[in-house]
Number of protein chains: 2
Amino acid sequence: MALKQENTIDLPSLPRQRLGEQIADVLREQILLGQLSPGKNIPERETAAALGVSRTPLREGLLVLEAEGLVEMSPSKSPVVANPSFVEVNHLLLVQSALEELAGECACDEATQDEIDEIGAMHQMMVANVQEPDQIKFFQIDMAFHEAIVASTKNPSLIKTHKQYHSRLWRVRFLSARHREARDKAMVDHGRIVEGLRLRDKDQVSSEIRIHLRRAIENIRIVFAEEEASKSATD
Amino acid sequence: MALKQENTIDLPSLPRQRLGEQIADVLREQILLGQLSPGKNIPERETAAALGVSRTPLREGLLVLEAEGLVEMSPSKSPVVANPSFVEVNHLLLVQSALEELAGECACDEATQDEIDEIGAMHQMMVANVQEPDQIKFFQIDMAFHEAIVASTKNPSLIKTHKQYHSRLWRVRFLSARHREARDKAMVDHGRIVEGLRLRDKDQVSSEIRIHLRRAIENIRIVFAEEEASKSATD
DNA sequence: AAACTGTATTTGGTATACCAAGCAAAAATC
DNA sequence: GATTTTTGCTTGGTATACCAAATACAGTTT
């Protein structure tokens, strides 16, 4: 495990991040990438050993992830990767939508022209990749698009809270992004959002973002329905 | 310190909450009540000894509060109670407003009639106490009013996130609630919000909440200006 | 054969001991 | 006398050792 970064000669004392934070980052990435699948146990001793750290900082990392809602901990039970139900995801997406609507409005005031151009460029890149079989790439740009809008508000609290919801929704949104139809509709939504940003029209941006995320809820409903169907098929 | 609860004979094994959580609750309350004032250091060893616990769970509690934004921790420095600037508070309130606007909309769908009546009763109680010299009581009902609206949505994520922003804004909102004029205006806003809830009119509720919280920002601007003035007067 | 109980193992929770880095104060040198 | 360096004390960060509770398995008893 390469958590302990080498101190280079040039930077004898680098601004050490807490080990627990680094661990949280590693585990978060593994969860988002699905290497740690929802419902899976994360035994403390075993995981700590695998990462080459002791239980204390591992625990700190797990607590961070618990606060983010990615991991659930209960007494005398191994921490477990969260596996939200549809209604939970629905709740999360409603909040996410409210956050992004606010972000869209603030962006109209706060975003620089460069930032808006950058967001527009992301949109163009997605359009170019909409029929790309490599879904991961498409999806990552999609997420970056939303993040960029939020980042342009320069509101640290909003950015942080949005990021947390982003993490919790990552997997399910990834699953729903596999549907071609959903991607096509998303492109239309994104186009309108970019247009609104260019015009710095708060109402348009915010209402289009709402439409976009409400649509995402419907896509996710389908994903859950499919999963349910395939589950009962194997019974 | 009474953190270790006595096991009664009737309840030999009660559902123990993590010690760190309890510590976070204690410290949070002390911070909100101002017993731990903003900017104050919270040395780990000393505080742990004062609470009669060891550093590990105290640290866990501090990490919770750090995640909530109530405490700031940096390497080789004592944790310190957060002391947000006006622009930070402004950022926080914008998010809080978006969350409560969403809550208002959802409440129109999800709140039971009883819950709306209860919220209306809180409002009446505030109106009755608006000229009460005991500001603490008035303020607590004010906070409970907003919490009740959010709670009626039955959206756990929304409730949790809102609560965190609530904590971070507690002190400054308490300070701004001291102004009589602000309280009068708040009563008018609240009345319209309750009216909207009774009609289950999403647009009215959400827009009135927005007006109410945007007004709060202005009140807080005044508080910061006064503080700044009194500070330069003592120079 | 089934059910219940007891024991052993595994889990997370907590305390403590150790380590490294930072800051401040004091002493020494220029 | 002022400045710089060194040392020690205080801080948080990490590892480890210990404890209590829960669970699973096995043995015994009905």
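Residues numbered from 1 in each chain as written. Chains lettered and ligands numbered in written order. Predicted model: local features only at pLDDT ≥ 70, side-chain atom pairs only at ≥ 80, totals over all residues. Heavy atoms only, no water.

**Brief notes about empty space enclosed by the protein**
Phase 1: Under the definition given, this model contains 5 cavities of 30 Å³ or more.
Phase 2: Here the largest cavity is characterised by a volume of approximately 210 Å³.
Phase 3: Looking at the lining of the largest cavity, the elements that each hand over two or more residues are α3 (55–68) and α7 (156–176) of chain A together with α3 (55–68) and α7 (156–176) of chain B.
Phase 4: Here the lining of the largest cavity is composed, by residue class, of 4 nonpolar, 6 polar and 6 charged. (1 Å grid on protein atoms, 1.4 Å probe; cavity = no way out; pocket = protein on both sides within 12 Å on 5 of 7 lines; lining within 4 Å. Points joined across faces, edges and corners; volume = space filled by probe spheres on them. Helix = DSSP H or I, 4+ residues; strand = E, 2+ residues; numbered from the N terminus. Nonpolar A, V, L, I, M, F, W, Y, C, P; charged D, E, K, R; others polar.)

**Description of the interface of chain B and chain A**
Phase 1: Taken residue by residue, the interface counts 29 residues in chain B and 29 residues in chain A.
Phase 2: When the buried surface of chain B facing chain A is broken down by residue, B:Arg18, B:His91 and B:Leu102 rank first, second and third, together holding 21% of it.
Phase 3: The tally of links from chain B across to chain A stands at 6 salt bridges.
Phase 4: Where B:Glu105 meets A:Arg210, a salt bridge forms, and the shortest distance between an N and an O atom there is 3.0 Å.
Phase 5: When residues of the side of chain B that touches chain A are traced back to their parent elements, those giving at least two are α3, α4 (86–110) and α7 of chain B.
Phase 6: Counting residues per element, the side of chain B that touches chain A draws most heavily on α4(B), at 9 residues.
Phase 7: Residue composition of the side of chain B that touches chain A, grouped by class: 14 nonpolar, 4 polar and 11 charged. (Contact = heavy atoms within 4.5 Å. Buried area = accessible area lost by both parts, 1.4 Å probe. Salt bridge = Lys/Arg side-chain N within 4 Å of Asp/Glu carboxyl O.)

**A short note on the relation of the copies chain B and chain A**
Phase 1: Under the fitted operation, chain B is carried onto chain A by 0.0 Å of movement along the axis and a turn of 180 degrees, and the coordinates agree to an RMSD of 0.0 Å. Taken together, the rotation and translation relating the two chain copies correspond to the operation of a two-fold axis. Within chain B, B:Ala98 has its C-alpha nearest the rotation axis, a separation of 3.0 Å.
Phase 2: Both copies present the same face, since 100% of the interface residues in chain B are matched by interface residues at the equivalent positions in chain A. (Least-squares fit on C-alpha atoms with pLDDT ≥ 70 in both.)

**As for the nonpolar core**
Phase 1: Counting residues in each nonpolar core, the largest one holds 81 residues, and the members touching the most others are A:Phe145, A:Ile149, A:Leu197, B:Phe145, B:Ile149 and B:Leu197.
Phase 2: Not counting residues within four places of it along the chain, the set of residues in contact with A:Ile149 comprises A:Ala103, A:Gly104, A:Ala107, A:Ile119, A:Ile193 and A:Leu197. (Core = buried A, V, L, I, M, F, W, Y, C linked by side-chain atoms within 4.5 Å. Buried < 20%, exposed > 50% of the residue type's maximum accessible area, 1.4 Å probe, protein only.)

**Section: the domain arrangement of chain A**
Residue and element names in this part refer to chain A.
Phase 1: Segmentation of chain A into domains returns domain 1 (19–81) and domain 2 (86–234).
Phase 2: On a C-alpha basis, the centres of domain 1 and domain 2 stand 27 Å from each other.
Phase 3: Opposite the 7 residues of domain 1 that make contact, domain 2 presents 5 residues.
Phase 4: Taking both partners together, domain 1 and domain 2 bury about 670 Å²; carbon and sulfur atoms supply 60% of that area.
Phase 5: It is Leu32, Glu68 and Leu70 that lose the most area in domain 1 upon contact with domain 2, and together they represent 60% of the buried surface on that side.
Phase 6: Joining domain 1 to domain 2, the criterion identifies 0 salt bridges.
Phase 7: The interface formed by domain 1 and domain 2 holds 1 residue pair in polar contact (both at pLDDT 80 or more) in total.
Phase 8: The greatest single-element share of the side of domain 1 that touches domain 2, amounting to 3 residues, is contributed by helix α1 (residues 19–32). (Domains from an automatic or database assignment. Polar contact = N/O pair within 3.5 Å; in protein donor to acceptor, adjacent residues only side chain to side chain.)

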